[in-house]
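Here's the letter readout for the chains.
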Amino acid sequence: MKRFNILLITLMLFTNAFIIKDQNINLEKIEFNYKKTQNDDVIQELDKTIINTYDAKTNVLGQFATIAKINSMQELIKYSSVKIKPESVILYVDDNLNLVNEKKELINVSLKDAYENYIKGKMIPLIYISNDIQAENFINYYPYHMNILDMAVVSDNASLVKEVREVNTVIRGIIDYSKNDIDENDLGSIVKEVNTSYANTIIVNNKDATSKTIEYIQARLKTVWVETNEKDTLELLKNINNGVSGIVCNDTDYVYSATNVYLNTDNVLRNLNKKPYLIAHRGIYSNYENSLEGCVEAYNKGATHLEIDLQLTKDNRIAIMHDASIDRTTTGSGAISDYTYEELKNFKIDSSSEGLLEGEGVSIPLLDDFLNYFKDKDVVLVLEFKITNTKIVAILRELLEQYDAFDNVVLISFYPGILQEVKTKIPEVPLSTLGSISLSDFATGLEYINTKNSAVNTTKDNSYPDLTRYLVARGFAPWHWTYSNMNEVQKGFVLGVQGLTNDCIESFEYFAYKLYSKEEIIEVNSFDNLEIELNCLTYGKNESMTFKAKPLFIKIDGNKAQAIFYTSIEINYNENYSFCIFSDVLTLIKK
């Protein structure tokens, strides 16, 4: 049954000049009435226009979106008219879908008029829903009056996002945790809530935007935006260097100008502010393909993720094998689906992805072996479905329950039927299509991933700057496959790719991605011409390496100071592959 209990604004807007000057409009006397028309029975055709958002030059490789909160008519007019603008705007609404500010005070414009007159074609609208009435009214209003693809719904109530997304499957979902205190021990539950609510982005506050929180959530195909209201350059740079995917604020001009500090580094074009995730493709390329042994070696060499392939045996066990046949990589032959697991034990994996290896070979593993071995390890298993038979999804769910492994895996597939089955049967676990998404047909790709509640993990042939910018602006991180060598991977770094499935994980064992100090307070002789020695975090977890570092930004208060430092590092000691990496905020004291 259609519901038409929507109240729309029929108030005509005053001139912009009047709105800006007059701060004493008595909004309590303004009545908003809606009269149903014949148009309310006609669902609009989906507007698939993709907004070419403002292309900010932030001088860092790890791109982030800029999101402005609209709290006044002046802000709306300003961002609509200026060249330098946010990529998205958060629009707070009341029960009648009139715009209000964060204090729930009327702004004197309807959602419809705000979009049509100030936002359309310029910025991405993010509609903030605060209660059940707003959710219901937006659900009824959307298809008849604002049926657009390039938008999202936001709420601090996950159930409201889910309610809207279940009906309007083509738009995106964002959950606001900025009013909450996030427990770093409960991040797995947050990812589950976000994914089951069909959202791809969460908003956190400054305090909770720690590197641990950001890395954990974004390693599981979601993105983190941080809400900041204070003009604190140190805090802003800390968030950028911790790898946030978006900055929510009241002044995007300030954000853009603050990033000019990155122009002062030794390697301006290669400021690596965000830790890239390195996904080992079927384990170590030179070791037995898709073997537990090869994946253990990849983990020890620094892989943040392990990508393995799922097949189904005759007795419905999930075995790890890329091909449907065991011919290429084992001592046996035939389809894996024609063997029980007990029968597969008669064969050994004897080959890597490069070809036949010397030695006795290793056993064909089950997924059980991986879930058991890596359950307490700091690594994410990327499980690719290599079959179209959807019954594998229910079997996988049983295994995830048995090993309590929901927090340790993400799922990927080329197959629409599998993606839909995962969305239904394992909604807690993030998933991604492996299909292509490109600028030439971005709307089709965006609609597809929104409908499937999917992230983006596509061929590296599609990794180029504008696609990265389009994805990041919409709360998606660019993940790409498959990088064959170190040169290809470093090109991915430069393009801002966040997740890189690769065949060369061993090249990054000693690559440093973050500076840190073992001392809580660092004593220095002077704040002038500073250069200090700092430790670093490497993919291979070798923390004995140190580097000389200089301040990117320093805030001095008498004999004390807080600063962020940077240094230039190389991949595998190759000077052609150098990047600047950064520290968190460090405390200094003058001797």
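Our structure is the block above this text.
Residues numbered from 1 in each chain as written. Predicted model: local features only at pLDDT ≥ 70, side-chain atom pairs only at ≥ 80, totals over all residues. Heavy atoms only, no water.

Let's shift gears to the pairing of strand 8 (residues 201–205). Taken across its five residues, strand 8 has five buried, putting it largely inside the fold. In this structure, strand 7 (residues 172–176) lies alongside strand 8, joined through three bridges in parallel fashion. Along strand 8, the bridge assignment pairs Asp 176 with Ile 203. After leaving strand 7, the chain enters helix 6 (residues 187–196) and then returns to the sheet as strand 8, a path that is right-handed. (Buried < 20%, exposed > 50% of the residue type's maximum accessible area, 1.4 Å probe, protein only. Helix = DSSP H or I, 4+ residues; strand = E, 2+ residues; numbered from the N terminus. Pairing = 2+ DSSP bridges. Right-handed = clockwise from strand over helix to strand, strands pointing away.)

This part covers the pattern of salt bridges. Side-chain pairs of opposite charge can arise where the charged atoms are in close proximity. All chains considered together, the criterion is met by 32 salt bridges. Arg 474 serves as the salt-bridge partner of Asp 150, at 2.8 Å between the closest nitrogen and oxygen. A residue pair is termed long-range when its members are at least 10 positions apart, and Asp 150 in the loop between helix 4 (132–145) and strand 6 (152–155) and Arg 474 in the loop between helix 16 (465–473) and strand 22 (478–483) qualify at 324 residues. This pair shows no difference in class: Asp 150 is buried, exactly as Arg 474 is. Connected through shared salt-bridge partners, Arg 282, Glu 289, Asp 309, Asp 323 and Arg 328 make up one network. (Salt bridge = Lys/Arg side-chain N within 4 Å of Asp/Glu carboxyl O.)

Our focus in this paragraph is the nonpolar core. In terms of nonpolar packing, the biggest core is built from 82 residues, with Leu 76, Leu 99, Ile 127 and Phe 138 touching the most fellow members. Other than its neighbours up to four places away in sequence, Leu 99 contacts Leu 76, Leu 91, Tyr 92, Val 93, Glu 105, Leu 106, Ile 107, Asn 108, Val 109, Ser 110, Leu 111 and Ala 114. Core analysis: the second largest hydrophobic core is formed by 75 residues, Leu 278, Tyr 299, Leu 312 and Val 524 among them. (Core = buried A, V, L, I, M, F, W, Y, C linked by side-chain atoms within 4.5 Å. Contact = heavy atoms within 4.5 Å.)

Attention now moves to the side chain of His 305. Within the fold, His 305 resides in strand 12 (residues 305–312). Within polar-contact distance, the side chain of His 305 engages the backbone oxygen of Ala 219 at 2.8 Å. If near-sequence neighbours (up to four positions away) are discounted, His 305 is found in contact with Ala 219, Tyr 277, Leu 278, Ile 279, Ala 280, Val 379, Val 380, Val 382 and Trp 479. (Polar contact = N/O pair within 3.5 Å; in protein donor to acceptor, adjacent residues only side chain to side chain.)

Time to look at the packing of aromatic side chains. Per the counting criterion, the structure on display carries 19 aromatic pairs. With 5.1 Å between their ring centres and 35° between their planes, Tyr 92 and Tyr 128 make a pair best called tilted. A residue pair is termed long-range when its members are at least 10 positions apart, and Tyr 92 in strand 2 (residues 88–93) and Tyr 128 in strand 5 (residues 124–128) qualify at 36 residues. Ring geometry for Phe 138 against Tyr 142: centres 5.7 Å apart, planes inclined by 45°, an arrangement best described as tilted. Of this pair, Phe 138 and Tyr 142 both sit in helix 4, four residues apart, which is roughly one turn of that helix. Since its relative accessible area comes to 0%, Phe 138 is described here as buried. In this structure an aromatic cluster arises from ring pairing among Phe 493, Phe 508, Phe 511, Tyr 513, Tyr 539 and Phe 579. Sitting over the face of the ring of Tyr 373, Lys 377 holds its NZ or CZ atom 4.5 Å from the ring centroid. (Phe/Tyr/Trp six-rings, centres within 6.5 Å; stacked < 30°, edge-to-face > 60°. Lys NZ or Arg CZ within 6 Å of the ring centre and 35° of its normal.)

Let us now look at the pairing of strand 29 (residues 574–582). Bridge count between strand 28 (residues 560–571) and strand 29: six bridges; the pairing is antiparallel. Looking at the pairing, Tyr 566 lines up with Phe 582 of strand 29. Joining the antiparallel neighbours strand 28 and strand 29 is a turn of two residues, in which Asn 572 adopts a positive phi near 55°.

Let us look at the packing of helix 6 against helix 7 (residues 211–218). Remark: helix 6 packs on helix 7, axes separated minimally by 10 Å, with the N-to-C direction vectors making an angle of 45°. Judged on the interaxial angle alone, helix 7 and helix 6 are oblique. Where helix 6 crosses over helix 7, the handedness of that crossing is right-handed. The segment helix 6 lies against helix 7, with Leu 187, Gly 188 and Val 191 engaging Lys 212, Thr 213, Tyr 216 and Ile 217. Grouping the amino acids of the contact of helix 6 with helix 7 by side-chain chemistry returns four nonpolar, two polar and one charged. (Axes fitted to C-alpha atoms, helices over the stretch in contact; angles between N-to-C directions. Parallel < 35°, antiparallel > 145°, perpendicular 65-115°, else oblique. Left-handed = near helix turned anticlockwise from the far one by under 90°. Nonpolar A, V, L, I, M, F, W, Y, C, P; charged D, E, K, R; others polar.)

On to unusual backbone geometry. Each neighbour pair has its own omega, and for Trp 481 with Thr 482 the value is -25°, a cis peptide bond. The backbone phi angle of Asn 59 is positive, close to 65°, even though this residue is not glycine. Here Asn 59 lies in the loop between helix 1 (16–21) and strand 1 (65–69). A positive phi is found at Leu 97, a non-glycine position, where the angle reads about 65°. Turning to its location among the elements, Leu 97 is positioned in the loop between strand 2 and strand 3 (98–100).

Time to look at the environment of Asp 404. Among the structural elements, Asp 404 can be located in the loop between helix 13 (391–403) and strand 19 (409–413). When the C-alpha atoms of Asp 404 and Pro 427 are compared, they prove to be 15 Å apart, with 23 residues separating the residues in sequence.

This brings us to the packing of helix 2 (residues 73–81) against helix 3 (residues 111–119). Here helix 2 crosses helix 3 at 35°, and the two axes come no closer than 9 Å. On helix 3, the residues touching Met 73, Leu 76, Ile 77 and Ser 80 of helix 2 are Ala 114, Asn 117, Tyr 118 and Ile 119. In terms of residue class, the contact of helix 2 with helix 3 is built from six nonpolar, two polar and no charged.

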